[in-house]
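# An overview of the molecular structure
Next come the chains, spelled out residue by residue.
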Amino acid sequence: MLIATNDEHERRTLVEDTVGKILSACWRGVACEIMQVLREVVNRYVNDERVDKPKVPARQLSLIGLIFGRVIDHIPGDNPLQRIMDDAVDGVSKHQLLLGERVELAALSSEARHTLKRKRATRCLRSP
């Protein structure tokens, strides 16, 4: 479909939709991997008898969890890639929005043409 279009704006919206889906899939994979590593670290800490547990209090373990949580949640606010990914997750298709906008513009211009024809017809009826 991407090759079939000659319109650069339409092509850009298709690319953005595709990139958003790819980024979303990658992000889910990375987040899943981080959670798996965190699980392994905690399990080793809890179950490994070689770790001297009194030296590492639960408060410090909780702090490690908070740090991991902040890393996962830390994405700069004004990031266009984040916006593209969020749109993909929310099911927002830029391409569908563009096509809808074009339909609205076509309907509007058709309606405007119809209004203009009515005004012309009214003027013709009034003139002697």
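Please refer to the structure higher up on the page.
Residues numbered from 1 in each chain as written. Predicted model: local features only at pLDDT ≥ 70, side-chain atom pairs only at ≥ 80, totals over all residues. Heavy atoms only, no water.

### Here's the deal with the packing of helix 1 (residues 8-47) against helix 3 (residues 80-89)
In contact at an axis separation of 8 Å, helix 1 and helix 3 are set at 90° when each is read in the N-to-C sense. Relative to helix 3, the element helix 1 is oriented roughly perpendicular. Across the interface between the two elements, Glu16, Val19, Gly20, Lys21, Leu23, Ser24 and Trp27 from helix 1 touch Leu81, Arg83, Ile84, Met85, Ala88 and Val89 from helix 3. By residue class, the composition of the contact of helix 1 with helix 3 is 8 nonpolar, 2 polar and 3 charged. (Axes fitted to C-alpha atoms, helices over the stretch in contact; angles between N-to-C directions. Helix = DSSP H or I, 4+ residues; strand = E, 2+ residues; numbered from the N terminus. Parallel < 35°, antiparallel > 145°, perpendicular 65-115°, else oblique. Contact = heavy atoms within 4.5 Å. Nonpolar A, V, L, I, M, F, W, Y, C, P; charged D, E, K, R; others polar.)

### Considerations on the side chain of Thr13
Inspection of the secondary structure assignment puts Thr13 in helix 1. Residue Thr13 is classed as buried on the basis of its relative accessible area, which comes to 9%. Excluding residues within four positions of it along the chain, Thr13 makes contact with Lys94, His95 and Leu98. (Buried < 20%, exposed > 50% of the residue type's maximum accessible area, 1.4 Å probe, protein only.)

### Some points on the pattern of salt bridges
Throughout the structure, instances matching the rule amount to 6 salt bridges. A salt bridge links Asp7 to Arg102; its shortest N-O distance comes to 1.9 Å. Residue Asp7 is located in the segment before helix 1, and its partner Arg102 is located in helix 4 (residues 94-126); the two are separated by 95 residues in the primary sequence. Several salt bridges converge on common partners, so that one network encompasses Glu16, Arg83, Asp87 and Lys94. (Salt bridge = Lys/Arg side-chain N within 4 Å of Asp/Glu carboxyl O.)

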